[in-house]
Amino acid sequence: MRVLLVGAGGVGTAITRIAARRPFFETMVVADYDLGRAEAAVAALADAGRFRAERVDASDQAAVTALLSRHGCDVLLNATDPRFVMPLFQAARAAGATYVDMAMSLSRPHPELPYDECGVVLGDAQFAQAADWEQAGALALVGMGVEPGLSDVFARYAADELFDEIEEIGIRDGANLTVDGYDFAPSFSIWTTIEECLNPPVVYEADRGWFTTAPFSEPEVFDFPEGIGPVECVNVEHEEVLLVPRWIDARRVTFKYGLGEEFIQTLRTLHLLGLDRTDPVTVPSAAGPVRVSPRDVVAACLPDPATLGERMHGKTCAGTWVRGTKDGAAREVYLYHVVDNQWSMAEYGSQAVVWQTAINPVVALELLATGAWSGAGVLGPEAFPARPFLDLLTAYGSPWGIREQ
């Protein structure tokens, strides 16, 4: 397997550190708009012989296609933010490469009823091309991070091995992470965080289909394992709600994120001031008027999450809560994966949130390389058997857990 990894930020760098310990691939080309970042990711590896750095603009489909062809890469792994999903997705198809991402194509709210009806939903642009991928015998594995990704694998495992009927699948994400020296320092890309938290959340119900609610709706307190404890979680737009019902029979699917009241109020303030907008505005500068995106300004004013590891303390938990019946009796479980920031920093030099995201596409690549996973079309993680993934995740030294509720 020859892999083109596009994006050498926090998650991309963590991917290289995890993959460097595994023998399943021949070459990994690490490409970024900033060649220095790609070079730094490769230079940090103890054994960099299978890695090389390149510069590429992820928005330039033709350039990415050419890079895939030049290096003979048969897989494109997208570690950029969702703005670049479609050019990378289409570049992989043009080059005849397998495509893997961790976040799907962007949504657009319903123009008239944003908090009731769906407009363009996450992944719509990719699924619109599913027939072409399937007819070509090509695979696009979409949403293969931690959430979406591992959370979807947990849903598949629950459906196959733990339940006869499922009432609800609810992704629940929480943490007790703190960052020394910062009152507000998101542990993941603020660009993506604003996108998913301020867009109308999507909920799925079998008798209604997909519909939307207001941001931060349906608050609930969820007790997270391994010492994290109770965290208030709210509805947030996320890919699992769009993916899970395509392959798993459940009466209701939700995604709730443990944000905390201070984080929610900060996001609401950004929205009130228009600082969550992506359309450029004109601002004065020493060189004359310039056009900038308010959201890009917010991102530039905050610390890079990849650099916060030494200041971070605590654990992050991603998991899937499932309620239903087994052998005629009611059952409720929480399948989860916890990463301690102290461990991930000591073992990999990567902070917990980006490391937890990064390990899952590497596991998926190894399953594709060995043939344990295979398929054609645009497929989510729940389209594949869960047990090989969970067994290999444990073999990577990162076990998962299950708690009867």
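Above this text you will find the structure in question.
In this convention, every chain numbers its residues from 1, walking through the sequence in written order. This being a predicted model, a pLDDT of at least 70 is required before a residue's local features are given, and a value of 80 or more before pairs of side-chain atoms are given or counted; all residues contribute to the totals for chains, interfaces and linings. As a convention, hydrogens and water are excluded, and side-chain values are obtained from all of the structure's heavy atoms.

*Asks:* Help me get a handle on the packing of helix 1 (residues 10-19) against helix 13 (residues 352-370), residues and values and all.
*Replies:* Angles run from 0 to 180 degrees between N-to-C directions of axes, and those axes are lines fitted to C-alpha atoms, restricted for helices to the stretch in contact. Think of it this way: any DSSP run of H or I at least four residues long counts as a helix, any run of E at least two long counts as a strand, and we number them from the N terminus. Across the interface, helix 1 lies against helix 13 with an axial gap of 8 Å and an inter-helix angle of 55 degrees. Taken as axis vectors, helix 1 and helix 13 run oblique relative to one another. As helix 1 runs across helix 13, the sense of the crossing is right-handed. Residues Gly10, Val11, Ala14, Ile15, Ile18 and Ala19 of helix 1 touch helix 13, and the partners they reach there are Val354, Trp355, Thr357, Ala358, Ile359, Pro361 and Val362. As a working rule, the residues Ala, Val, Leu, Ile, Met, Phe, Trp, Tyr, Cys and Pro are called nonpolar, Asp, Glu, Lys and Arg charged, and the rest polar, with Gly in that last group. Along the lines of polarity and charge, the residues of the contact of helix 1 with helix 13 split into 11 nonpolar, 2 polar and no charged. Note on terminology: angles under 35 degrees are roughly parallel, angles over 145 are roughly antiparallel, angles of 65 to 115 are roughly perpendicular, and the others are oblique. Whether a crossing is left-handed or right-handed is set by the direction in which the near helix is turned from the far one by less than a right angle, anticlockwise for left-handed and clockwise for right-handed. Contacts: residue pairs with any heavy atoms within 4.5 Å of one another.

*Asks:* So what's going on with the environment of His337? Residues and values would help.
*Replies:* Along the chain, the position of His337 falls in strand 18 (residues 329-340). Excluding residues within four positions of it along the chain, His337 makes contact with Leu150, Phe154, Thr316, Cys317, Ala318, Trp355, Gln356, Leu393, Ser398, Pro399 and Trp400. Here a polar contact means two N or O atoms within 3.5 Å. Within protein one must be a hydrogen donor candidate and the other an acceptor candidate, and residues neighboring in sequence count only if both atoms are side-chain atoms. Only 2.6 Å separates the side chain of His337 from the side chain of Ser398, close enough to count as a polar contact.

*Asks:* Give me the sheet that holds strand 2 (residues 27-32): which residues, what numbers.
*Replies:* Overall, parallel pairing links the 7 strands, which are arranged 3-2-1-4-5-6-19 in an open sheet. Since the sheet does not close on itself, it has two edges, and those belong to strand 3 (51-55) and strand 19 (377-379), each with one partner. Taking each pair of neighbouring strands and ignoring which way they run, the sheet shows an average axis angle of 20 degrees. If DSSP finds at least two bridges between two strands, the strands pair. Summarising the sheet, strand 4 (residues 75-78) and strand 5 (residues 98-101) pair through 4 bridges and their orientation is parallel. By the bridge assignment for strand 5, Leu77 is matched with Val100. Set on the sheet, helix 2 (residues 35-43) makes contact with strand 2 and strand 3; between it and strand 3 the angle comes to about 175 degrees. Against the sheet, helix 4 (residues 85-95) touches strand 1 (2-6), strand 4, strand 5, strand 6 (139-141) and strand 19, its axis set at about 160 degrees to strand 5.

*Asks:* Residue-level account of the nonpolar core, with values.
*Replies:* Core analysis: the biggest nonpolar cluster contains 91 residues, and Ile15, Ile169, Trp373 and Phe389 have the highest contact counts within it. Broken down by element, this core gets its largest block of residues, 11 residues, from helix 13. If sequence neighbours within four positions are ignored, Ile15 has contacts with Leu5, Met28, Leu77, Ala79, Met102, Ala358, Pro361 and Val362. The set of buried Ala, Val, Leu, Ile, Met, Phe, Trp, Tyr and Cys residues whose side-chain atoms join them within 4.5 Å is what this entry labels a nonpolar core. Summary of the burial criterion: residues with accessible area below 20% of their type's maximum are buried, those above 50% are exposed, and those between are partly exposed, where the area comes from a 1.4 Å probe applied to protein chains only. Formed by 28 residues, the second largest nonpolar core is a distinct cluster that contains Val56, Leu76, Tyr99 and Val142.

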